[in-house]
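Examination of the molecular architecture
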Amino acid sequence: MFTVLMYVVAFGFLVLSFIKDKKKTFLALKKAWKSFENIMPQFLSILVIIGIMLAVLSPEVISGLIGEKSGWLGMLMASLIGSITLIPGFVAFPLASALLKSGAGFMQIAVFISTLMMVGIVTIPLEIKYFGKKAAILRNSLAFVFSFIVAIAIGVVLR
Amino acid sequence: MKMLLKRYKYFLVLLVINIVVYGLYPSVGQKSIDITWSNALEMLSVIPPIFILLGLLDVWVQRDTMIKLMGEKSGVLGVLIAFFLGSAAAGPLYAAFPIAGVFLQKGSKFSNVLIFIGAWSTTKIPMLLFEASSMGWKFMATRFVIDIPGIMLIAYITEKLLNEREKQHIYEQASFNNE
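Counting from 1, residues in each chain are numbered in the order their sequence is written. Whichever chain is written first is A, and whichever ligand is written first is 1; the rest continue in order. Where local features are concerned, this predicted model is filtered to residues with pLDDT of at least 70; where side-chain atom pairs are given and counted, the filter is 80 or more; whole-chain, interface and lining totals use all residues. Heavy atoms from the whole structure form the basis of all side-chain values; hydrogens and water molecules are not counted.

1. Structural notes on the overall build of chain B
Per the convention used, a helix needs a DSSP run of H or I reaching at least four residues, while a strand needs a run of E reaching at least two, with both numbered from the N terminus. Counting secondary structure elements, chain B contains 10 helices and 0 strands. Start at the N end of chain B and walk to the C end: the helices and strands fall as α-α-α-α-α-α-α-α-α-α. For the C-alpha atoms alone, the extent of chain B along its principal axes is close to 55 × 50 × 30 Å. Remark: exposure states derive from per-residue accessible area (1.4 Å probe, protein chains only) relative to the maximum for the residue type, with buried under 20%, exposed over 50%, and partly exposed in between. By residue count, 51% of the 179 residues in chain B fall in the buried class. Put simply, of all contacts in chain B between residues at least 6 apart along the chain, 72% involve residues at least 24 apart. Whether two residues touch is decided by their heavy atoms; if any such pair falls within 4.5 Å, the residues are in contact.

2. Quick notes on the overall build of chain A
The number of helices and strands found in chain A is 7 helices and 0 strands. Counting helices and strands in the order they occur from the N terminus, chain A gives α-α-α-α-α-α-α. Radius of gyration here uses only the C-alpha atoms, and the compact-globule reference equals 2.2 Å multiplied by the residue count raised to the power 0.38. Relative to the compact-globule value of 15 Å for 159 residues, chain A shows a C-alpha radius of gyration of 20 Å, a clear excess of over 25%. C-alpha extents for chain A along the principal axes are approximately 60 × 35 × 30 Å. Split into buried and exposed, the 159 residues of chain A put 50% on the buried side. Counted over contacts in chain A with a minimum sequence separation of 6, partners at least 24 positions apart contribute 74%. About 7400 Å² of surface is accessible on chain A, with carbon and sulfur atoms providing 76% of the total. Only the protein chains shown count as covering a residue, and every accessible area follows the Shrake-Rupley method with a 1.4 Å probe.

3. Section: the packing of helix H2 (residues 22-56) of chain A against helix H7 (residues 124-157) of chain A
Residues and elements named next belong to chain A. For helices, the axis comes from a line fit to the C-alpha atoms of the stretch in contact; other axes are also lines fit to C-alpha atoms, and the angle between any two N-to-C directions lies between 0 and 180 degrees. Between H2 and H7, the least distance of the axes is 9 Å, while the angle of their chain directions is 150°. Between H2 and H7, the angle is such that the two are roughly antiparallel. Here Asn-38, Ile-39, Gln-42, Phe-43 and Ile-46 of H2 come into contact with H7, specifically with Leu-126, Lys-129 and Tyr-130. Amino acids outside the nonpolar list (Ala, Val, Leu, Ile, Met, Phe, Trp, Tyr, Cys, Pro) and the charged list (Asp, Glu, Lys, Arg) are all regarded as polar, and Gly is one of them. For the contact of H2 with H7, the per-class residue count stands at 5 nonpolar, 2 polar and 1 charged. Angles below 35 degrees are treated as roughly parallel, those above 145 as roughly antiparallel, those between 65 and 115 as roughly perpendicular, and all remaining angles as oblique.

4. Some remarks on the confidence of the model for chain A
Scored by pLDDT, chain A has a mean of 89; 97% of the residues are at 70 or more. As a per-residue measure, pLDDT reflects the predictor's confidence and takes values from 0 up to 100. Here helix H3 (residues 59-67) of chain A is the element of chain A with the lowest mean pLDDT, 78, and H7 of chain A is the one with the highest, 95.

5. Points about the interface of chain B and chain A
The interface of chain B with chain A comprises 77 residues on the first partner and 72 residues on the second. In total, chain B and chain A occlude about 6900 Å² of area from one another, counting both sides; carbon and sulfur atoms represent 78% of this. Looking at the side of chain B facing chain A, the largest losses of area belong to Trp-60, Tyr-94 and Phe-97 of chain B, adding up to 10% of the total buried there. Only one rule defines a salt bridge in this text: a Lys or Arg side-chain nitrogen within 4 Å of an Asp or Glu carboxyl oxygen. Applying the counting criterion to the chain B and chain A interface returns 3 salt bridges. The residue Lys-134 of chain A makes a salt bridge to Glu-166 of chain B at a minimum N-O spacing of 3.1 Å. Throughout this description, a polar contact denotes any pair of N or O atoms lying within 3.5 Å of each other; where both atoms belong to protein, one of them has to be capable of donating a hydrogen while the other can accept it, and for residues adjacent in sequence the pair is counted only when both atoms sit in side chains. Counting across the interface, chain B meets chain A through 8 residue pairs in polar contact (both at pLDDT 80 or more). For the side of chain B that touches chain A, the class distribution of residues is 51 nonpolar, 16 polar and 10 charged. The buried area of a pairing is the accessible area, by a 1.4 Å probe, that goes missing from both parts when the two are put together, added over both.

6. Some words on the domain arrangement of chain B
Per the domain assignment, the segments making up chain B are domain 1 (1-47) and domain 2 (61-177). For the purposes of this description, domain bounds are those given by an automatic or database domain assignment. Computed over C-alpha atoms, the centres of domain 1 of chain B and domain 2 of chain B are 30 Å apart.

7. Observations concerning the packing of aromatic side chains
The geometry of an aromatic ring pair comes down to the distance between the two centres and the angle between the two planes. Whether two aromatic rings pair depends on their centres lying within 6.5 Å, for rings of Phe, Tyr and Trp, where Trp uses its six-membered ring; planes under 30 degrees apart make the pair stacked, over 60 edge-to-face, and the rest tilted. Taken as a whole and judged by the stated rule, the model has 14 aromatic pairs over all chains. With centroids separated by 5.8 Å and ring planes inclined at 85°, the aromatic side chains of Phe-131 of chain A and Phe-97 of chain B adopt a geometry described as edge-to-face. One end of the pair, Phe-131 of chain A, is in helix H7; the other, Phe-97 of chain B, is in helix H6 (residues 96-105), on a second chain. In this structure, Phe-131 of chain A and Phe-97 of chain B share a single accessibility class: buried.

8. Here we look at the packing of helix H7 (residues 110-122) of chain B against helix H9 (residues 137-160) of chain B
Residues and elements named next belong to chain B. Look at H7 against H9: their axes get within 8 Å of each other, and the N-to-C directions meet at 145°. Regarding H7 and H9, the two cross each other, and that crossing is right-handed. Packed against H7, whose contacting residues are Phe-110, Ser-111, Leu-114, Ile-115, Gly-118, Ala-119 and Thr-122, the element H9 presents Arg-143, Asp-147, Ile-151, Met-152, Ala-155, Tyr-156, Thr-158 and Glu-159 at the interface. Of the residues assigned to the contact of H7 with H9, the class counts are 8 nonpolar, 4 polar and 3 charged. Each crossing gets its handedness from the near helix: less than a right angle anticlockwise from the far helix is left-handed, clockwise is right-handed.

Quick look at the structure:
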């Protein structure tokens, strides 16, 4: 749905741009292609890493790791899995909701979701390319710590 | 050709690893190939509009305009724009970095770029709706409310901990990446 919306918006602007200035529009498309081509090697590597990782860390394996352990150890486990894996939201949320039903705690799930979204160890080489080593590591470490704060807040609200 | 091999060396190494895994554990290897393939298709379907918008942004939005909107002195407006652009997007986080690169190159404040990245990673509107439907509104709302200050805090602390030289290097790198 939103992907369609993105296409509509992008195409709309493209047409508008074309009407205003053909030359600039072609330049924009050239830039678009160049930027894409520029990070193609990283994109492809990320895709293969995600493939191997998710084949090993299947939803069943993740449930086993997060589901049975509770308390701080469970949270630590959940945060580590969340940090290293890269699961799209439409897979992650149903997985999280299934984990809840099978007995995982809200705090473990919250830290898992939060690290999954904010911390990206697989994508850190790409992030370093744009933000430099220090900023990328800082952002990810802070996001990791922050995920525990999110978990505590969820724990307080949804006890 | 040599250049191409060099650029894609990590990808090629990973492919070899995948093939080795396939040889040792056929079921895991097959599954990983399936996942990679479906993710690649997913990526190819989501990414074109993102890069078209990136190209248009690069060509049409003047540096002066960007500095006014998201630059050093943009204040609350810059923060709001960063949140809005990140939340309105669709696509994986790794597609956001090239756009962040263009923002930097055009003179956006570093903390605003980090807010954009934070919003893209957690407060994307389509994701929030999906989160609410599978985890419940209370879970989603709690996370959303605490994520907003959290994203800002992460952005400001990260920027504060970088010295001028490091920041300058990031901006130089951004222009270089976009050449």
